[in-house]
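Analysis of the macromolecular model
Chain by chain, the residues run as shown.
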Amino acid sequence: LIIIFSGRTFVYANPNIVVTITPIASLVSMLTKDKADIVVLDKAGGCPHHHHAKPSDKLAIDNSDMVIYIDENFDSLISPLLFNYQGKRVKISEFDSIDFKGAKERINWHFWLDLKNAEELQKELAAVIIKTFPELKYDVQENLKEALIKLKNSIKNLKSIKINY
């Protein structure tokens, strides 16, 4: 009761979310904005299967509340870094709504380049973030609405582009 009547408010620390690559980090950031701290392991923008893990990567993961990655086959650096990890693991390849089909029946690990997949990923990630961090529910729901509108507008704009040869 003393705390309630003292007029003090408590601010919770932002969740720490580690993401392996910048495109996925951008999508997560659209959902969380300033309500989570996002750390990207492969900041160079390359594919993570060319990224060489550093001690700082392991430290970032160990100090995070959530790790988001595509798959051990794509994010080859992630498996040894997740050894003994106690936080929430989010493996995008387990999302049924994402279409990983590529040309010649090969797996398209760069699935986010399809805006429909980006839209589905936003929905999936929002659900996981809300379940893991319920205090972010309202913000993530509002940000998801905004993000989906931006993605839909991008799809419309792409369809309206006419290429002249």
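Residues numbered from 1 in each chain as written. Predicted model: local features only at pLDDT ≥ 70, side-chain atom pairs only at ≥ 80, totals over all residues. Heavy atoms only, no water.

Side note on the overall build of the protein
A tally of helices and strands in the protein yields six helices and four strands. Across the protein, every contact between residues at least 6 apart in sequence was considered, and the portion connecting residues at least 24 apart equals 52%. Surface accessibility of the protein: about 10,500 Å² in total, with carbon and sulfur atoms responsible for 56%. (Helix = DSSP H or I, 4+ residues; strand = E, 2+ residues; numbered from the N terminus. Contact = heavy atoms within 4.5 Å. Areas by Shrake-Rupley, 256 points an atom, 1.4 Å probe, with all protein chains shown as cover.)

A few points about helix α5 (residues 115-132)
The end-to-end C-alpha distance of α5 is 25 Å, a good match for the 26 Å that 18 residues give at a rise of 1.5 Å each. Taken residue by residue, α5 has N117, A118, E119, L121, Q122, L125, A126, V128, I129 and I130 as its buried positions. The residue sitting at the N-terminus of α5 and contributing the capping side-chain oxygen is D114; that oxygen lies 2.8 Å from the backbone nitrogen of K116. (Expected span 1.5 Å × (residues − 1). Buried < 20%, exposed > 50% of the residue type's maximum accessible area, 1.4 Å probe, protein only. Polar contact = N/O pair within 3.5 Å; in protein donor to acceptor, adjacent residues only side chain to side chain.)

Description of the nonpolar core
Counting 35 residues, the largest nonpolar core has I24, I68, I70, I92, F111 and L121 as its most contacted members. With seven residues, α5 is the single largest residue contributor to this core. Contact partners of F111, with chain neighbours within four places excluded, come to I24, I70, I92, I98, D99, F100, N117 and L121. Listed in part, the eleven residues of the second largest apolar core include A60, I61, L77 and L81. (Core = buried A, V, L, I, M, F, W, Y, C linked by side-chain atoms within 4.5 Å.)

Side note on the sheet that holds strand β1 (residues 16-21)
Taking strand neighbours across the sheet as the criterion, the four strands line up as β2-β1-β3-β4 in an open arrangement whose pairing is parallel. Each edge of the open sheet carries a strand with a single partner, namely β2 (37-42) and β4 (88-91). Averaged over all pairs of adjacent strands, the angle between strand axes in this sheet comes to 20°, irrespective of strand direction. Looking at chain direction, β1 and β2 are connected through five bridges and run parallel. Within the sheet, the bridge partner assigned to I21 lies in β2 and is D42. Contacts from helix α3 (residues 55-62) reach β1, β2 and β3 (66-69) within the one sheet, and its direction differs from that of β2 by about 150°. (Pairing = 2+ DSSP bridges. Axes fitted to C-alpha atoms, helices over the stretch in contact; angles between N-to-C directions.)

Remarks on the pattern of salt bridges
In the structure shown here, the tally under the stated rule is nine salt bridges. D57 is paired through a salt bridge with K54; the nearest N and O atoms lie 3.9 Å apart. Overall, D57 belongs to the buried group, its relative accessible area being 4%. Residues E72 and K91 are paired through a salt bridge, measuring 3.1 Å at the closest nitrogen-oxygen approach. With a gap of 19 residues between them, E72 in the loop between β3 and α4 (78-81) and K91 in strand β4 connect regions that are remote in the sequence. Several salt bridges share partner residues, and in doing so they unite K33, E146 and K150 into one network. (Salt bridge = Lys/Arg side-chain N within 4 Å of Asp/Glu carboxyl O.)

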